[in-house]
Amino acid sequence: MSAPATSGRSFAVFYSILFFAFLFGPLLIMTVTAFNSSSFPRVTPWECFTTEWFSVLINNDRLMQGLVTSIFIGIGVVAISVPVGLAGALALSEINPALRSALYTVLITPVLIPGVVLGISTIVFWGNLGRSLGGGAQDLFFNGIFLTIVGQVTFISAYAMLIFSARLQRFDPTLTEAALDLGATPGQAFRRILLPFLRPAIGSAAFLTLLASFENYNTTVFTILADNTFTTALASKIRYGTDPSLSALAVIIIAVTLIGAITHEAYTRRREAILGGAAARSALYTNPLGRIVTHPATIFALLVVLAGFAVWKGSQHEAAECKMQIMDEKRANQERLLEEQRLRMQQQPQNAPQAPAQPGTPPAGTNPSPFGGAFGNVAPGASAPAPATPAPPATTNPSPFGGAFGNVAPGATPAPAAPQPPPQPPADANPSPFGGAFKNIAPAP
Amino acid sequence: MSTRDVTLDHVSIRFGQHTAVNNALLNIAGGEFFSFLGPSGCGKTTLLRCISGFIEPTEGRVLIGGKDMKRVGPNKRPTALIFQNLALFPLMSVADNIAFPLEVRGVGRKERRKRADELLDLIALPGVGDKKVYELSGGQRQRVAIARALAVEPDILLLDEPLSALDLKLRQHMRTELRAIQQRVGLTFIYITHDQGEALTMSDRVAVMNAGVIEQIDDPLTIYEKPRTPFVASFVGETNSIPGKVVSQSGFDVSLDTALGRLVGRSAGGRQFASGQDVVLFVRPEQLMLDPGGKIAATVVKEEFEGSQRHLFLEAGNAALRVSRVGGGAELMAPGLAVKLNFDPGRSSVMPAAGA
Ligand SMILES: Nc1ncnc2c1ncn2[C@@H]1O[C@H](COP(=O)(O)OP(=O)(O)OP(=O)(O)O)[C@@H](O)[C@H]1O
Ligand SMILES: [Mg+2]
C-alpha cells in the first residue's frame, strides 16, 4: 500500500463521516431532544428521560384537527391528480411530435409557477366564479378544503404526469398493437396491457402526490382560508415558540419512514432474487422457514410489533419523580443565586438603586427564540449570574438565532460591574439580524 | 375463392413524400406459404401492417377472402400478426399469453386453459404454461408467439422476420418447424424476411421487393434460376455480372461482346434486345466451371476453403469473377495460375443494363 493511497482512503473515510453527520446529525439530535423533559428542545443539560412530549403532541387539538384535514385533502388530491396525470402522460405519448413539446410546456408550467401565486390565483379564480354563479356554488367555492384540493391539484398532477411519462417511455407500443391484432378492443388493450404495466408507476405517483399534498405550505396557506392543515398548524405553532413535542413528531415521522423503507427494501430484494433466478439457488429462499422470515409482510409485521411495543413501554414510563428532583435542584439553585445577589447588594450599597431595576432578570434558558439555547448556553461564564449589571444578560437576546450556537465569547468581556451612566450598549444588545449568532466578538469597552 | 385468399389490388402506401410501397399487385392463394423478400427498409413491414389493418393503403384495396378490408380494424380482421420483436406480454404467464385472444372474446377460464394446453402441445412445448415469458429461451418464445397467434384461429398468419433474433442453428431448426406447423394447420402464411435462405427453403412462392416495388413473384427455384431483374439476380444468391453489348439474338439465346470475349447467354423473361444494346450477363458462381476447353481465360487470385464449399476468386479482362466448387478433395489452387472457364448458356440470364 502506497502512502498516497492510504491518505486518500482516510480522506474518503473522513469525508463520508462528515457527510453522514451532516445528513443525519440534525435528525439524531432532534430524536434525543424528544425524550428530554426540559421544556425546551435541547440535548444538554439533560434533565429526565420522558415520553410526555408524545402525549403533549397528541393532545394538541389544533395539530390533530389539522392532521385529519390534511389526510382528507391528501386523499382528494391523490384521487384527482393520479388520473389527471395519467391522462396527460398518455396524451403526450400519443400526440404527434410537432405538438408534443408545446403540450409538455403547458402541462409542466404549474410546477414552475411559485406556489404563492398558485394559491392566490386559486382563491381569486374560484371566488369570482362562485360570486358569478351564486347560490350553492358560493359555499363550495369559499370552502378552504375544496380550494386547497383544487389549488394543489393544479401542480401536483404535473408531478404525477412526469412519473407516468417516464414509465410510458419504456413501454413497447407494439404490445398494444399485438393486443388489438389478437382481437382486443382498445379498452381491453388498455386495461389488460398498458394498465398492468403502469401499476408500479401508479403506486409511486399516488405516494408522491400524497406526500406533496401533505407537506405543501406555500399554496395551502392561502387556499385553506380559516381552516388548518397539519402543515399550516405546525407552522403557526412554531411561530409562537417551540417545545419538544415537535421533536416527538419528528421521531414518529422518522419511525414511519424507516418502517416503510425497510419493508420496501425487503420487497424489492425478494423480487429481484425471484426474478433473477437467485431465489432458486439461495439457501434462504429454498428453505420454507427462510421464505416466511424474509417475506416483506413478515418484516413489516415485526417492525410494527416492535414499534407498538416501544409505544406501550413508553406510555408506562413515569418521569414525575425525576422531574420533581430536577425541580428541587432548580429551586435550590435559584435560592442560592438570590442569596448571592443579596450578599453582593450588601457589599455594594452605592449601587443599590440599580439593582432593583433588574428584578425580573430571566434566568438563562428562558430564551423565547425558536432556536434559543438548543445546544445549551455553553459559555456565558461569569456574565450570566451577574444580575447586578444593567446590560441585558447574554441569553435574553431576542434575535431569531440568538444563542443558537452558544454565546461563546462574552466571557472574555468583563461584565461591567460598575458602568458609567449612560451605559454603553453592551456587545450582546446587538440589534443586527444575526445578533450573537456568530459570536459577539465585542470591542472591549 | 376461399376465405384465406389475400389480394393486393394496386396498393400504394405513402408517408408524406416517401413512397414505402408502390403499386403492389398480387394474389395469394388460401393455404399458401408466401414470402416477401427484400433488403432492410424496402417496405416489407409496412406492407404487412397494411394487410393486418394498422395502416390504410394510400391507394388501392386490400381484399381478404374477396372482401374489401377498408375501415376494418386490426381486431376485426381474420389475420394474426407475429411481430418482429414477438410482442409477448411480459407480465402474463405463457398460458395467459396464448389464451389472451380467447380472454378478450369472453371465453371462460377453464376452456381457455384447455385450449392453451392444446396449442402448447401443437408447438411441442407441453407443460410450460405456468412459466413466465422471460423464463423461456428465444426459440421457445418464438413458438409461444406462434401459438398465441393460432389461438385467434385466423385465416391468415402474418410473420414479420420472426427468426431474425435467433442464432443460426435455431433459425434453421425453426424453418422446418414453421413449415411443418403451416402444413399441419393449413393456413395462409405470409412471411417477411431479408434472409433469402429462409424465403427459399420455406416458401411456395416468393415476392422480391426493392425500394417499395415488387420486382418478381415466383416459386423459389424460378427466382433463383431465372431472375427477371438485375436486382433480383444480385440480391438472391451470389452472382457474377458481366457487362456487354448485344451482337445478335435468336430465340432465347443472346450473343454479346464482353471484356471476356464473345459470350452467349439466355434472355431473361424472353426479352427481345436490339443489337448494340447495353446489357448485363449474370452467371451464378456454381454455374461457372473449370473447363480446359472453355472460352473464358482467367487468372487465379486466391481460393478460399469454407467447409462444404470452396470459393475461387479469379480475374479476367479486368473483371473479378467467382467460382464455387464442392469443398473437399483437391489442393487449393495457387495464385497466378491460368485457367479456362465455361458455363451453360441456359443457366445464365441476360438483362438490360441498369438505367438502360
Ligand atoms: N410511420 C412511418 N412514417 C414515416 N415513414 C415510415 C413509417 N414507417 C415506415 N416508414 C418508412 O418506410 C420505409 C419502409 O419501412 P419498413 O418498416 O416497411 O421497412 P422493412 O422492409 O420492414 O425494413 P426492415 O427489414 O429493416 O424491417 C422506410 O424507409 C421507413 O423509413
Ligand atoms: Mg421490418
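Residues numbered from 1 in each chain as written. Chains lettered and ligands numbered in written order. Predicted model: local features only at pLDDT ≥ 70, side-chain atom pairs only at ≥ 80, totals over all residues. Heavy atoms only, no water.

Take the overall build of chain B next. Looking only at helices and strands, one finds eight helices and 20 strands in chain B. For chain B, the residues scored as buried account for 49% of the 356 residues in total. Of all intrachain contacts in chain B linking residues separated by at least 6 positions in sequence, the fraction that spans at least 24 positions is 65%. (Helix = DSSP H or I, 4+ residues; strand = E, 2+ residues; numbered from the N terminus. Buried < 20%, exposed > 50% of the residue type's maximum accessible area, 1.4 Å probe, protein only. Contact = heavy atoms within 4.5 Å.)

With that out of the way, let us pick up the overall build of chain A. Assigned secondary structure in chain A consists of 17 helices and zero strands. Here chain A holds 445 residues, and 35% of them are scored as buried. Long-range pairs, those at least 24 residues apart, make up 71% of the contacts in chain A with a sequence separation of at least 6. Total accessible area computed for chain A in this model is approximately 26100 Å², and 70% of it derives from carbon and sulfur atoms. (Areas by Shrake-Rupley, 256 points an atom, 1.4 Å probe, with all protein chains shown as cover.)

A side chain with one charge can pair with a side chain of the opposite charge if their charged atoms come near. Residues and elements named next belong to chain B. Within this structure, the stated rule accounts for 29 salt bridges over all chains. Of the charged contacts, one joins Asp117 and Arg113 as a salt bridge, the two residues approaching to 3.5 Å between their closest N and O atoms. Within this pair, Asp117 and its partner Arg113 are both found in helix H3 (residues 109-122), separated by four residues, close to a single helical turn. By relative accessible area, Asp117 is classed as partly exposed at 31%. (Salt bridge = Lys/Arg side-chain N within 4 Å of Asp/Glu carboxyl O.)

A few words now on the packing of helix H2 (residues 94-103) of chain B against H3 of chain B. Geometrically, a packed helix pair is captured by the angle between its two axes and the distance between the axes. All names here are of chain B. Where H2 contacts H3, the axes come no closer than 9 Å and their chain directions differ by 120°. Classified by the angle their axes make, H2 and H3 are oblique. Remark: the crossing between H2 and H3 carries right-handed chirality. When H2 is examined against H3, the residues Val94, Ala95, Ile98, Ala99, Leu102 and Glu103 are found in contact with a partner set consisting of Arg112, Arg113, Arg115, Ala116, Leu119 and Leu120. The residue makeup of the contact of H2 with H3, split by class, is eight nonpolar, no polar and four charged. (Axes fitted to C-alpha atoms, helices over the stretch in contact; angles between N-to-C directions. Parallel < 35°, antiparallel > 145°, perpendicular 65-115°, else oblique. Left-handed = near helix turned anticlockwise from the far one by under 90°. Nonpolar A, V, L, I, M, F, W, Y, C, P; charged D, E, K, R; others polar.)

With that settled, the discussion passes to helix H11 (residues 230-239) of chain A. All names here are of chain A. Within H11 the residues assigned to the buried category are Phe230, Thr231, Thr232, Ala233, Ser236 and Lys237. Buried-residue contacts for H11 involve helix H3 (61-94), helix H9 (186-215), helix H10 (220-223) and helix H12 (245-275). Once H11 ends, the next one or two residues include Gly241, with phi positive near 95°.

Turning to the confidence of the model for chain B, a few remarks are in order. A residue-level look at chain B finds 99% of positions with pLDDT of 70 or above and a mean pLDDT of 90. The complex model carries a pTM of 0.70, and its ipTM stands at 0.81. (pLDDT = per-residue confidence, 0-100.)

Inspection of the secondary structure assignment puts Thr223 of chain A in helix H10. When neighbours within four sequence positions are excluded, Thr223 of chain A is seen to be in contact with Gly119, Thr122, Ile123, Gly144, Leu147 and Thr148 of chain A.

Residue and element names in this part refer to chain B. Where strand S9 (residues 205-210) and strand S10 (residues 213-218) come together, five bridges link them in antiparallel fashion. Bridge pairing in S10 places Met209 opposite Ile214. Linking S9 to S10, which pair antiparallel, is a turn of two residues; within it Ala211 sits at a positive phi near 50°. (Pairing = 2+ DSSP bridges.)

Looking now at the site of ligand 1. Residue and element names in this part refer to chain B. In the region of ligand 1, the neighbouring residues are Phe15, His18, Ala20, Ser40, Gly41, Cys42, Gly43, Lys44, Thr45, Thr46, Gln84 and Glu161. In the model, an oxygen atom of ligand 1 is placed 2.7 Å from a nitrogen or oxygen of the Gly41 main chain. When the free accessible area of ligand 1 is taken as 640 Å², the share hidden by the protein chains comes to 59%. It is helix H1 (residues 44-52) that contributes the most residues to the shell around ligand 1, three residues altogether. Taken together, the residues of the shell around ligand 1 sort by class into three nonpolar, seven polar and two charged. (Near = heavy atom within 4 Å. Polar contact = N/O pair within 3.5 Å; in protein donor to acceptor, adjacent residues only side chain to side chain.)

Before going further, it helps to spend a moment on the side chain of Thr193 of chain B. Residues and elements named next belong to chain B. The topology assignment puts Thr193 in strand S8 (residues 188-193). For Thr193, a relative accessible area of 2% puts it in the buried group. Side-chain polar atoms of Thr193 contact the side chain of Glu198, separated by 2.9 Å.

All names here are of chain A. For the pair H3 and H11, the least separation of the axes is 7 Å and the interaxial angle reads 155°. In terms of orientation, H3 lies roughly antiparallel with respect to H11. Contacts from Arg62, Leu63, Gly66, Leu67 and Ser70 in H3 reach Phe230, Thr231, Ala233, Leu234, Ser236 and Lys237 in H11. Looking at the contact of H3 with H11 residue by residue, the classes come out as five nonpolar, four polar and two charged.

A few words on the sheet that holds strand S7 (residues 156-160) of chain B. Residue and element names in this part refer to chain B. Here six strands make up an open sheet; going across it, the order is S6-S7-S8-S3-S9-S10 and the pairing mixed. Two strands bound the open sheet, and with one partner strand each, they are strand S6 (79-82) and S10. Along the sheet, successive strands turn relative to each other by an average axial angle of 15°, direction set aside. With four bridges connecting them, strand S3 (residues 33-37) and S9 associate as parallel partners. Looking across to S9, one finds that Phe36 is bridged to Ala207. Contacting S6 and S7, helix H4 (residues 138-151) runs over the sheet at an angle of about 165° to S6.

As a further point, take the sheet that holds strand S20 (residues 349-352) of chain B. All names here are of chain B. Strands sit in the order S13-S12-S11-S14-S20 across an open sheet of five strands; the sheet is antiparallel. The open sheet has two edge strands with one neighbour each: strand S13 (261-266) and S20. Adjacent strand axes in the sheet meet at a mean angle of 45° when their direction is disregarded.

Our focus in this paragraph is the interface of chain A and chain B. Contacts between the two partners involve 19 residues from chain A, matched on the other side by 25 residues from chain B. Buried surface at the junction of chain A and chain B, both sides included, amounts to about 1800 Å², of which 62% is carbon and sulfur. Broken down residue by residue, the surface that chain A buries against chain B is led by Asp181, Leu182 and Arg192 of chain A, which jointly contribute 39%. Applying the counting criterion to the chain A and chain B interface returns two salt bridges. The partner of Arg49 of chain B in a salt bridge is Glu177 of chain A, with the nearest N and O atoms 2.7 Å apart. For the pair chain A and chain B, the number of links is nine residue pairs in polar contact (both at pLDDT 80 or more). Contributing elements (two or more residues each) for the side of chain A that touches chain B: helix H8 (173-181) and H9 of chain A. Here the side of chain A that touches chain B takes seven residues from H8 of chain A, the largest share from any one element. Tallied by class, the residues present in the side of chain A that touches chain B amount to 11 nonpolar, four polar and four charged. (Buried area = accessible area lost by both parts, 1.4 Å probe.)

Before going further, it helps to examine a nonpolar patch on the surface. A grouping of Phe11, Phe14, Tyr15, Leu18, Phe19, Phe20, Phe22, Leu23, Phe24 and Leu27 of chain A is seen on the molecular surface, where their side chains present a nonpolar patch of about 1100 Å² in accessible area. Looking at the element boundaries, Leu23 of chain A is found in helix H1 (residues 3-33). (Patch = residues over 30% accessible without salt bridge, like charges linked within 9 Å, V, L, I, M, F, W, Y side chains within 5 Å.)

Turning our eyes to something else, we now look at the packing of aromatic side chains. Residue and element names in this part refer to chain A. For the coordinates displayed, the defined rule picks out 20 aromatic pairs over all chains. Ring plane angle 75° and centroid distance 5.6 Å describe the contact between Phe19 and Phe20, whose orientation is recorded as edge-to-face. Its relative accessible area of 37% is what places Phe19 among the partly exposed residues. According to the relative accessible area criterion, Phe20 is partly exposed, its value standing at 44%. A network of ring pairs unites the aromatic residues Phe11, Tyr15, Phe19, Phe20 and Phe24 as a single cluster. Here the guanidinium or amino end of Arg167 rests over the ring plane of Phe197, the centre of that ring lying 4.0 Å away. (Phe/Tyr/Trp six-rings, centres within 6.5 Å; stacked < 30°, edge-to-face > 60°. Lys NZ or Arg CZ within 6 Å of the ring centre and 35° of its normal.)

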